[in-house]
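# Structural description and commentary
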Amino acid sequence: MDLWSYLEYAAWGLSALFGLHILVDWLRTDSTYSEDVLTSSREGELEAMAEEHKVH
Amino acid sequence: MTDIDITSQTMDGMGPHGTKVGLLRVLGPAHVWALGVGIVLVGEYMGWNFSVGKGGAFAALIACWFAGILYSCVAMIDSEVTSTVASAGGQYTQAKHIIGPLMAFNVGLYLVFAYTMLEAANAITAGYLFSVVASMTGHEAELDQRPFIILVITFLAWLNYRGVLATLTFNLVITAIAFIAIITLFLSTSGVLGGGIMEHAALFEGHELPYGWIGVLAAMHFGLWYYLGIEGTTQAAEEVRSPARSLPFGTLAGIMTLLIAATLTWFMCSGVLPWEYLGDGVSGSVAPLFDTARLSGSTALVWLLGFGTLFATLASANGCINDASRAWFAMGRDKYLPGWFGAVHPKYRTPYRSIVFLVPIALIFALGAPLDQVITFSILSGLLGYTFMPLNIILFRRKWPLDTIKRGYEHPFHPIPAFTLLGICGVTFFAVFLGYGTQLVAMIGFYIIVSLWFHFWRYRFVNRGAQFTMPWPKPKGY
Amino acid sequence: MAHYIPPKQGKASQLFDVVVLVVLTVGSLFVPLWLNLAGAAKTVASPVENPTWEALGQNAAQAAKYEALGFTPETAHDLILARFDYSFSVGALLVMILVIVLYYFLILRFSESEYREVISEKFGK
């Protein structure tokens, strides 16, 4: 066992950690908020708020 | 309406179309530059040198400049359209408003594939780098690259999941370091500072154009790799503070950076490495800038370019996750894909489900396919996208002439860039045909099948009029 | 014109659509690989016995670089002499052009009919 063998295990471990963190947060978010809120984003928000397409 | 709380910043129900949770507008022009250049700069560190193998060093330079023209046209056309259609999804949303839903669906898939495959290629390269460093530092056994490949993808997905500002600020830092590494290598090996080690004349002798002129055509295939992905800047449109200004600025600054970096890279590597070695990215030079540094005899340069290579692959994979998930998200939001993907994380304000979904897809390609195949699929999807752009701008100018809607940027000499772009795309299709004709046909067969699937099945779930969201007048001729 | 009201898609149906897309995607990458049709391999047309740098067509400067990279004429033999084969049949080229043109024709055609529907619903006749 040298340094790189430990690093291999560390990489497996960190991968699992990051993956698990995403997974837990994802499931928690999905069960906390209603689907209506989560998928309420609509395209073209900026245009409707800030821009008027008129030629000067 | 229990989901609305008017005292909340995020759920006050004031969004013009009922948006309660949307993407966060936090980015500036520097982030746009970092997203565009960050994705592409890895192409200078690896991959472009396959074009040397296809036709020799001179052919690679010609391909570099012709691909530079192609991408300058792409950047100009893209800047004009996107300064008007500023929305996540980029070219997908452009196609939806200008050409039509089926084209938009195809463009969306081009984007997701080009970026996901590129992400996989980056992870493969990063894994390879770790194994090289391991053997350089005295590791005896063969390093298992898989945990490092998986770590790169999951770490960057995690970063993307947690918020766009941190993600692209990280990209800005590592992209800048990788770019500075290229400049430093150039200054110290070309003879600008101290003694140069360039031997172009001696190395080219007898090998000027080893395949003749058809090699120059063939080199165009991998010539795209110098710049592939710069068009991804448009994906940030919904998260940039002032898209009409920042997007053209960041994109055009990006293409200029890349033209400089690509030419310098060719100059350094071809002046130090013999073309047969340089051009073989599998058993020869996998990371040509790194190999150039090794031959310079300076340990400091070896370390600098080693980190430059690693940072470039990370920046690229990072930007790819960002772009692919935005395109996937935008299609989900319009029900082009299951609406479930159109969700935004209420706290981090990222398209989190799209980010998560694309992780296993990227892993399948990174762990299961050889590098040049993955690169070729990425290039092919990109190429189909570039062929769409001239059609897009011609129809855009025809349906909405310059005096009908305001544009943040108007590109000059229309329609010359459009036709130039179309011509160079044709040449590149021929180049791909020379080496990878089967993949080309398989890829297009795939797009034909999914197009039929979309037209006859999937499109029934899409709102017709509501998907046209730009406050534009009615197009001419309808 | 009457507004088109899309049906609501259930969870199972959404999942099924995703599976279809993933299968098609992975298929298009791996089918050419499985059929061994993928890629352009380089081959050595005329090998050199007992190679020297001169016999491999390398001048002094080029040979020096190879030695600095850790090669000998024997180990560099395949790397230096392997070449791509760019010969192709006109028939195959025509098939490719046809496939590409057909593809763009198909999507532009369908897109146009879908687009007219969008515009007439959005702006009225």
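Residues numbered from 1 in each chain as written. Chains lettered and ligands numbered in written order. Predicted model: local features only at pLDDT ≥ 70, side-chain atom pairs only at ≥ 80, totals over all residues.

Under an unreviewed UniProt entry, chain B has the name APC family permease and belongs to Tabrizicola soli. What UniProt states about chain B under its Subcellular location (unreviewed entry) heading is, verbatim, "Cell membrane". (UniProt positions renumbered as here; feature names shortened; annotations may be inferred.)

## What to know about the overall build of chain B
Helix and strand counts for chain B come out as 16 helices and zero strands. Here the C-alpha atoms of chain B give a radius of gyration of 22 Å, agreeing with the 23 Å that 2.2 N^0.38 yields for 478 residues. Here the C-alpha coordinates of chain B stretch approximately 70 × 45 × 40 Å along the principal axes. Relative to its 478 residues, chain B shows a buried fraction of 64%. (Helix = DSSP H or I, 4+ residues; strand = E, 2+ residues; numbered from the N terminus. Rg over C-alpha atoms; globule rule 2.2 N^0.38 Å. Buried ≥ 20, exposed ≤ 12 C-beta atoms within 10 Å, placed from the backbone.)

## Overview of the overall build of chain C
Counting its secondary structure elements, chain C contains four helices and two strands. Ordered by position from the N terminus, the helices and strands of chain C form the series α-β-α-α-β-α. Against the 2.2 N^0.38 benchmark of 14 Å for 125 residues, chain C shows a C-alpha radius of gyration of 28 Å, more extended than a compact globule. Projecting the C-alpha coordinates of chain C onto the three principal axes gives extents of approximately 80 × 35 × 30 Å. Across the 125 residues that make up chain C, the buried fraction comes to 14%. Once local pairs closer than 6 in sequence are excluded, the contacts in chain C between residues at least 24 apart make up 61%. (Contact = placed C-beta atoms within 7 Å.)

## Digging into the arrangement of the chains
By number of contacts, the leading pair among the two pairs of chains in contact is chains B and C. Separated in space, chain A and chain C share no contact, their closest pair of C-alpha atoms being 12 Å apart.

## Topic: the interface of chain A and chain B
The partner chain B presents 44 residues to the 32 residues of chain A that form the contact. At the level of elements, α1 (3-32), α2 (35-38) and α3 (45-50) of chain A are the ones that each hand at least two residues to the side of chain A that touches chain B. When residues in the side of chain A that touches chain B are grouped by element, the largest group, twelve residues, is from α1 of chain A. When grouped by side-chain class, the residues that make up the side of chain A that touches chain B number 14 nonpolar, ten polar and eight charged. (Nonpolar A, V, L, I, M, F, W, Y, C, P; charged D, E, K, R; others polar.)

## Considering unusual backbone geometry
Between His-414 of chain B and Pro-415 of chain B the backbone carries a cis peptide bond, its omega angle lying at 5 degrees. Among the structural elements, Pro-415 of chain B can be located in the loop between α15 (371-399) and α16 (416-456). In this structure, Phe-413 of chain B takes a positive phi of about 60 degrees despite not being glycine. Structurally, the position occupied by Phe-413 of chain B is in the loop between α15 and α16. Positive phi is not limited to glycine here, since Asn-50 of chain C has a value of about 45 degrees. As for its placement among the helices and strands, Asn-50 of chain C is situated in the loop between β1 (43-44) and α2 (60-68).

## As for the packing of helix α5 (residues 101-136) of chain B against helix α4 (residues 90-123) of chain C
The interhelical angle for the contact between α5 of chain B and α4 of chain C, taken along N-to-C directions, is 120 degrees, at an axis separation of 6 Å. On the basis of their axis angle, the class for α5 of chain B and α4 of chain C is oblique. Mapping the contact onto sequence places Pro-101, Leu-102, Met-103 and Asn-106 of chain B in α5 of chain B and Ile-107, Leu-108, Phe-110, Ser-111, Glu-114, Tyr-115 and Val-118 of chain C in α4 of chain C. Of the residues assigned to the contact of α5 of chain B with α4 of chain C, the class counts are eight nonpolar, two polar and one charged. (Axes fitted to C-alpha atoms, helices over the stretch in contact; angles between N-to-C directions. Parallel < 35°, antiparallel > 145°, perpendicular 65-115°, else oblique.)

## Topic: the confidence of the model for chain B
All names here are of chain B. Here chain B averages 90 in pLDDT, while 96% of its residues score no lower than 70. Across chain B, the secondary-structure element scoring lowest on mean pLDDT is α15, at 91, and the one scoring highest is helix α6 (residues 146-161), at 97. Predicted confidence for residues 1-16 stays below pLDDT 50, and this span has 26 contacts to residues more than four positions away or in other chains. (pLDDT = per-residue confidence, 0-100.)

## What about the UniProt feature "transmembrane region" (unreviewed entry) in chain C?
Residue and element names in this part refer to chain C. The sites that UniProt annotates as "transmembrane region" (unreviewed entry) are residues 12-35 and 86-106. Span residues 12-35 is 96% helix and 0% strand, its end C-alpha atoms 33 Å apart. What you have in residues 86-106 is 81% helix and 0% strand, and the ends, taken at the C-alpha atoms, are 30 Å apart.

## Focus on the packing of α5 of chain B against helix α13 (residues 299-333) of chain B
Residues and elements named next belong to chain B. Their axes nearest at 8 Å, the elements α5 and α13 cross at an angle of 155 degrees. The angle between the axes of α5 and α13 places the two elements in the roughly antiparallel class. Crossing hand, α5 versus α13: left-handed. (Left-handed = near helix turned anticlockwise from the far one by under 90°.)

## Let's talk about the nonpolar core
If you look at the biggest cluster of nonpolar residues, it comprises 194 residues, and the most contacted ones within it are Ala-63, Ala-67, Val-152, Ile-153 and Tyr-227 of chain B. Setting aside its immediate chain neighbours within four residues, Ala-63 of chain B contacts Ser-51, Val-216, Ala-219, Met-220 and Gly-223 of chain B. (Core = buried A, V, L, I, M, F, W, Y, C linked by C-beta atoms within 7 Å.)

## Details of the environment of Ala-317 of chain B
Residue and element names in this part refer to chain B. Within the secondary structure layout, Ala-317 lies in helix α13. Using a count of 29 C-beta atoms within 10 Å as the deciding quantity, one classes Ala-317 as buried. Separated by 286 residues in sequence, Ala-317 and His-31 place their C-alpha atoms 15 Å apart. In this view, Ala-317 contacts Glu-119, Asn-122, Ala-123, Val-152 and Leu-156; residues no more than four positions away in its chain are not counted.

## Looking at the confidence of the model for chain C
The share of residues in chain C with pLDDT of 70 or more is 95%, and the mean pLDDT across the chain is 89. Both scores are available for the predicted complex, with the pTM at 0.91 and the ipTM at 0.90.

## Regarding the environment of Ile-416 of chain B
Within the secondary structure, Ile-416 of chain B is located in helix α16. Since 11 C-beta atoms lie within 10 Å of it, Ile-416 of chain B is described here as exposed.

## Concerning the interface of chain C and chain B
On the chain B side, the residues contacting the 53 residues of chain C number 66 residues. Breaking the side of chain C that touches chain B down by element, the ones donating at least two residues are α1 (11-34), α2, α3 (73-81) and α4 of chain C. Among the elements that take part in the side of chain C that touches chain B, α4 of chain C stands out by supplying 21 residues, more than any other. Grouping the constituent residues of the side of chain C that touches chain B by class yields 36 nonpolar, nine polar and eight charged.

## Points about α1 of chain C
Counted at 1.5 Å a residue, the expected span for α1 of chain C with its 24 residues is 34 Å, and the 33 Å between its end C-alpha atoms agrees. Maximal helix bending in α1 of chain C amounts to about 35 degrees, located at Ser-28 of chain C; proline Pro-32 of chain C follows within four positions. Buried residues in α1 of chain C make contact with α14 (352-368), α15 and α16 of chain B. (Expected span 1.5 Å × (residues − 1). Bend = angle between axes of the 7 residues up to and from the residue.)

## Comments concerning the environment of Leu-151 of chain B
Residues and elements named next belong to chain B. Relative to the elements of secondary structure, Leu-151 occurs in helix α6. By the C-beta count within 10 Å, which is 24 here, Leu-151 ends up buried. Sequence separation between Leu-151 and Ala-466 is 315 residues, and the spatial gap between their C-alpha atoms is 41 Å.

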